[in-house]
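Remarks on the overall topology
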2 protein chains.
Amino acid sequence: MNYELYYWPTVQGRGEFVRLALEEAGARYRDVARESGRGGGVSSLLTLMKGRRLARPPFAPPFLKAGRLVIGQTANILQFLGVRHDLAPREEGGRLWVHQLQLTVTDFVVEIHDTHHPISGSLYFQQQRKEARRRSADFLKSRAPKFLRYFEDVMARSGRQPRFLLGARLSYADLSVFQVIAGLSYAFPKASARFARNYRRLFALHERVQERPRIAAYLASPRRIAFNNEGIFRHYPELDA
Amino acid sequence: MNYELYYWPTVQGRGEFVRLALEEAGARYRDVARESGRGGGVSSLLTLMKGRRLARPPFAPPFLKAGRLVIGQTANILQFLGVRHDLAPREEGGRLWVHQLQLTVTDFVVEIHDTHHPISGSLYFQQQRKEARRRSADFLKSRAPKFLRYFEDVMARSGRQPRFLLGARLSYADLSVFQVIAGLSYAFPKASARFARNYRRLFALHERVQERPRIAAYLASPRRIAFNNEGIFRHYPELDA
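Now for a look at the structure at hand. (Residues numbered from 1 in each chain as written. Chains lettered and ligands numbered in written order. Predicted model: local features only at pLDDT ≥ 70, side-chain atom pairs only at ≥ 80, totals over all residues.)

Considerations on the relation of the copies chain A and chain B
When chain A is fitted onto chain B, the two copies agree to an RMSD of 0.0 Å after a turn of 180 degrees and an axial shift of 0.0 Å. Such a combination of rotation and displacement between the chain copies is what one expects of a two-fold axis. In terms of C-alpha distance to the rotation axis, chain A has Pro118 of chain A as its closest residue, with the C-alpha 2.9 Å off the axis. By residue overlap, the copies meet face to face through one surface: 100% of the interface positions of chain A are interface positions in chain B. (Least-squares fit on C-alpha atoms with pLDDT ≥ 70 in both. Contact = placed C-beta atoms within 7 Å.)

What to know about the sheet that holds strand E4 (residues 69-72) of chain A
Residues and elements named next belong to chain A. Spatially, four strands are ordered E2-E1-E3-E4 in an open sheet, and the strand pairing comes out mixed. At either margin of the open sheet sits one strand with a lone partner, and together these are strand E2 (28-31) and E4. When strand polarity is set aside, the average angle formed by the axes of neighbouring strands in this sheet is 25 degrees. In terms of strand pairing, strand E1 (residues 2-6) meets E2 through four bridges, oriented parallel. The partner of Leu5 across the bridge, within E2, is Asp31. Contacts between helix H1 (residues 15-25) and the sheet are confined to E1, E2 and strand E3 (63-66), with E1 contributing the most and set at about 160 degrees to the helix. (Pairing = 2+ DSSP bridges. Helix = DSSP H or I, 4+ residues; strand = E, 2+ residues; numbered from the N terminus. Axes fitted to C-alpha atoms, helices over the stretch in contact; angles between N-to-C directions.)

Focus: the nonpolar core
Of all hydrophobic cores here, the largest spans 126 residues; its most connected members are Ala21, Tyr172 and Val177 of chain A together with Ala21, Tyr172 and Val177 of chain B. Those residues within four positions of Val177 of chain B in sequence are excluded, and the remaining contacts are Val105, Phe151, Leu165, Leu202 and Leu205 of chain B. (Core = buried A, V, L, I, M, F, W, Y, C linked by C-beta atoms within 7 Å. Buried ≥ 20, exposed ≤ 12 C-beta atoms within 10 Å, placed from the backbone.)

A word on helix H6 (residues 172-187) of chain B
For H6 of chain B, with 16 residues, the first-to-last C-alpha span of 23 Å sits near the 22 Å given by 1.5 Å per residue. Among the 16 residues of H6 of chain B, 14 are classified as buried, and the element is accordingly described as predominantly covered. (Expected span 1.5 Å × (residues − 1).)

What follows is the structure, given as structure tokens:
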């Protein structure tokens, strides 16, 4: 199947979690809003999302067109791709567990985003800088360690030498945890140096995912947008206390 | 099957979305942390969640024990219950769509919670009151209308006289939207009076769910915890501008 991914073209954002799954699967997909010319660009995204044509409109990007389905919500898209591309276990308990982990990543990502936008996504960082410093301090002291400790613990329970969250087999949740570790390292390099010492399994998982042939090829390609200060993970040195 | 729900005993919180599904399904369940005596209470919840016994530990309540499965993350639990209790369509496209709606409710709920706790969940409201006023103003002006308009539009696209989000049939997402409307009406009565005029389909949906025999019986029972200022939906008059 040829997929069409719809996401904002200048940031990794939530779309990146989907891109990583598509790349690891070796799936064929168009990254529609990044294409120029007819049938591409942000206008194609907006036309589909805001138009009256869809009976099941997405609330926001990313969304994935797969044949006649238009699927929204990152974790939902990953769940769909997971069963199709062997990025999740087949039996119900395993599928629910990977999805549970993914939804916990979702929660973490909201909190990461809100470190720089604790008041409103429609105000600039500079308009909520004081609040961002306060929220980030709490995030780095309490919330990030709570999430990281949880995922570290999940790996510890997966076996004696777990390679992935579920033990021996890669799942889409591993790709997402890779992205979170990469993003935290970009946004909060000082804090992340501490995290790397405390959550060794997770940082080893990050390395392991990074070295997978398809992921390595993707990261080296122009398809991977660089981290920047418009996305979820933003580097403001004053927040990295 | 007899389910065991684990959630904090003194608030509706995220557990309430699960309770509503269990009640509508007429399922047999224990609300473990609300029971007194042996095998009940918060200690049972903490023992299971923090213990070393589970190979697949939840990050936080609510979680549901269903036979040998322990399932965490509200939307994930609902997805599981949906297929079992006819609270979601059977075909893949419909299942994904209901889950997509539920994950959008999840996003909305985070933003509702953060109106009173924009800086940190571990500080008191009084310690972030100024920030809460700023965040709430943005929420009521921009974010709440964006979410409500979206769900209103979903109903509008579901048919000429849609009774539920998917049209004719109730799904677990309807129960969750009911809960959000009920909660907003408690937390922000003044703003909600305006919302009721602008989003008539959603407020009619709220009435319709409230009048379902099992839901009505549940709401009138002691099993329904009253809204209070410890949960997601809190009434601080100063935030309801």
